[in-house]
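# A look at the structure
Read off the chains here:
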Amino acid sequence: MASDLDTDTAAAHAMFRSFDGMEGVPEVVIAPARRSLIQTLRAVYPGVVVALTIALAATWLSQHYHAPVMLFGLLLGMAFHFLHEEGRCVAGIEFSSKAVLRLGVALLGVRVTAEQIMSLGPQPILIVIVGVISTITLGLLVAPRLGRSKAFGVLSGGSVGICGASAALAIASVLPRSKDSERDTILTVVTVTAMSTVAMILYPLLAARLHLSPAQAGVFLGGTIHDVAQVVGAGYSISPTVGDTATYVKLLRVAMLAPVVFTISVVVARNGAAGGKGKIPAPPIFLLGFAALVAINSLGFVPKPVVTAASGLSSWCLVTAIAALGMKTSFKDVFAVGWRPIALMVGETLWIGGFVLAAVLLSR
């Protein structure tokens, strides 16, 4: 029995190595035979079931206590860190934190259409593009001064600038791996989720205090709050018009995920961190899936029930992945990082908030 388990686990890890090829790593792994696939499924299902169970619990808590589901999934996952240290769940936890994650990111594309983006007009589009790029640049420049790696600066800046926890997970999947990678990803998700919740409460009050018009308030909220759910909550708490505009602006930021992640993978490859110095890697498969779904949805080929179902599946995949990522990280590792990375993300949040607000006020 132990021998069978070892064989199954070995098959699973062989499959995980092939996932690196999805991130631009030029390692080619021959697809496993039918029996190997069955062995892999046997190895991963215990960990996948545990991650999905935690995702279910996190969703229930989120619905009943009106708090971010990602934060619940992460914290509950960290409470079960011991399952990743050894035993039958390890392979499935790895599978959930990689393959399930990429499926969830790819399915985010079904939320975005070209019509939604173009309906905003040129000014909000320009504000979002400059806001995202400048926030990532700020993280890249300031992170080394605070004793953090440039990779962490890109990770934190991208999560703040684009779409919070979802962007953090997508960007982390193409950054160079290090001993601190998973800890940095967890810290980023926790911090950006907490700040997004605070922004959801404070920013509508600020918009009202500044007497922003519905269009201006929508651009401000959609261009600054990190997570999609919090943008929706903040926008519709003011009015349906503000909510609609904020959601479209936020989806424009989500659409920035594809070019940003691909650019990062190219830079990583050119620097030799992905094993392909000087070569432009093929776009990760999950990124191609994201772009394809945006294009197909923009052409109107996706029925609304399918869009709803795919969006729901994307949310479940991301919560399951964050639960698995939580199980791979201990509270002790997260608390050991100190105040500097949190200060960096607070600074990035203040930057994009101030930039978008200034742009909106100048457009009056």
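Note that the coordinates shown come from a computational prediction; the quantities given were computed from them, not determined experimentally.

The rules we used
Residues numbered from 1 in each chain as written. Predicted model: local features only at pLDDT ≥ 70, side-chain atom pairs only at ≥ 80, totals over all residues. Heavy atoms only, no water. Helix = DSSP H or I, 4+ residues; strand = E, 2+ residues; numbered from the N terminus. Buried < 20%, exposed > 50% of the residue type's maximum accessible area, 1.4 Å probe, protein only. Contact = heavy atoms within 4.5 Å. Areas by Shrake-Rupley, 256 points an atom, 1.4 Å probe, with all protein chains shown as cover. 1 Å grid on protein atoms, 1.4 Å probe; cavity = no way out; pocket = protein on both sides within 12 Å on 5 of 7 lines; lining within 4 Å. Points joined across faces, edges and corners; volume = space filled by probe spheres on them. Expected span 1.5 Å × (residues − 1). Phe/Tyr/Trp six-rings, centres within 6.5 Å; stacked < 30°, edge-to-face > 60°. Lys NZ or Arg CZ within 6 Å of the ring centre and 35° of its normal. Axes fitted to C-alpha atoms, helices over the stretch in contact; angles between N-to-C directions. Parallel < 35°, antiparallel > 145°, perpendicular 65-115°, else oblique. Left-handed = near helix turned anticlockwise from the far one by under 90°. Nonpolar A, V, L, I, M, F, W, Y, C, P; charged D, E, K, R; others polar. Salt bridge = Lys/Arg side-chain N within 4 Å of Asp/Glu carboxyl O. pLDDT = per-residue confidence, 0-100.

### Structural notes on the overall build of the protein chain
- Scanning the protein chain for helices and strands turns up 18 helices and zero strands.
- Counting across all 364 residues of the protein chain, residues that qualify as buried make up 52%.
- Contacts spanning at least 24 positions in sequence make up 79% of the contacts within the protein chain whose residues lie at least 6 apart.
- About 16,600 Å² of surface is accessible on the protein chain, with carbon and sulfur atoms providing 69% of the total.

### Concerning the environment of Ile133
- When you line up the elements, Ile133 lands in helix α7 (residues 122-142).
- Using a relative accessible area of 47% as the deciding quantity, one classes Ile133 as partly exposed.
- Linking Ile133 and Gly157, residues 24 residues apart in sequence, is a C-alpha distance of 8.7 Å.

### As for the layout of surface pockets
- In this structure, the largest pocket encloses a volume near 790 Å³.
- At the level of elements, α3 (69-79), α10 (181-209), α12 (228-238), α13 (240-255) and α16 (304-327) are the ones that each hand at least two residues to the lining of the largest pocket.

### Considering helix α14 (residues 257-270)
- For α14, spanning 14 residues, the distance from its first C-alpha to its last is 20 Å, which sits close to the expected 20 Å at 1.5 Å a residue.
- Looking only at α14, the buried set comprises Leu257, Ala258, Val260, Val261, Ile264, Ser265, Val266, Val268 and Ala269.
- In this structure, the buried residues of α14 make contact with α5 (90-107), α7, α8 (150-161), α9 (165-172), α13 and α15 (285-298).

### Examining the packing of aromatic side chains
- With the rule as written, the count across this model stands at three aromatic pairs.
- Centroid distance Phe80 to Phe82: 6.1 Å. Interplanar angle 40 degrees. Geometry classified as tilted.
- Among the residues examined, Phe80 registers a relative accessible area of 35% and is labelled partly exposed.
- Aromatic pair Tyr203 and Phe220: ring centres 5.1 Å apart, planes at 35 degrees, arrangement tilted. Of this pair, Tyr203 sits in helix α10 while Phe220 sits in helix α11 (residues 214-224); the two residues are 17 residues apart in sequence, bridging distant segments of the chain.
- Between the NZ or CZ atom of Arg148 and the centre of the ring of Phe152, over which it lies, the distance is 5.2 Å.

### Describing the packing of α14 against α15
- Relative to each other, α14 and α15 sit at 155 degrees, their axes nearing to 10 Å. If you check the angle between α14 and α15, you find them roughly antiparallel. As α14 packs across α15, the resulting crossing turns out to be left-handed. Across the interface between the two elements, Leu257, Ala258, Val261 and Phe262 of α14 pack against Phe286, Leu287 and Phe290 of α15.
- Of the residues that constitute the contact of α14 with α15, the class distribution is seven nonpolar, no polar and no charged.

### Section: unusual backbone geometry
- Even without glycine at this site, His211 takes up a positive phi of about 55 degrees.
- Turning to its location among the elements, His211 is positioned in the loop between α10 and α11.

### Focus: the pattern of salt bridges
- Enumeration according to the criterion identifies five salt bridges in this entry.
- A salt bridge links Glu94 to Lys328; the shortest N-O distance between them is 3.2 Å. Placement of the pair is Glu94 in helix α5 and Lys328 in the loop between α16 and α17 (331-335), with a sequence separation of 234 residues.
- Relative accessible area serves as the criterion here: at 12%, Glu94 is assigned to the buried category.
- A network of salt bridges, in which partner residues are shared, links Glu94, Lys98, Glu182 and Lys328.

### Focus: the packing of α7 against α13
- The contact between α7 and α13 brings their axes to 10 Å, and the two run at 45 degrees. Here α7 is positioned oblique relative to α13, judged by the angle of their axes. Judged by the sense of rotation from one axis to the other, the crossing of α7 with α13 is right-handed. For the pair α7 and α13, the contacting residues are Pro124, Ile125 and Val128 in the first and Val249, Leu252 and Arg253 in the second.
- Partitioned by chemical class, the residues of the contact of α7 with α13 number five nonpolar, no polar and one charged.

### Here we look at the confidence of the model for the protein chain
- With 85% of its residues at a pLDDT of 70 or more, the protein chain shows a mean pLDDT of 82.
- The low-confidence segment residues 9-34 (pLDDT under 50) makes 39 contacts with residues lying over four places distant or belonging to another chain.
- Low confidence marks residues 273-277, where pLDDT is under 50. Its contacts with residues over four positions away, or in another chain, come to 11 contacts.

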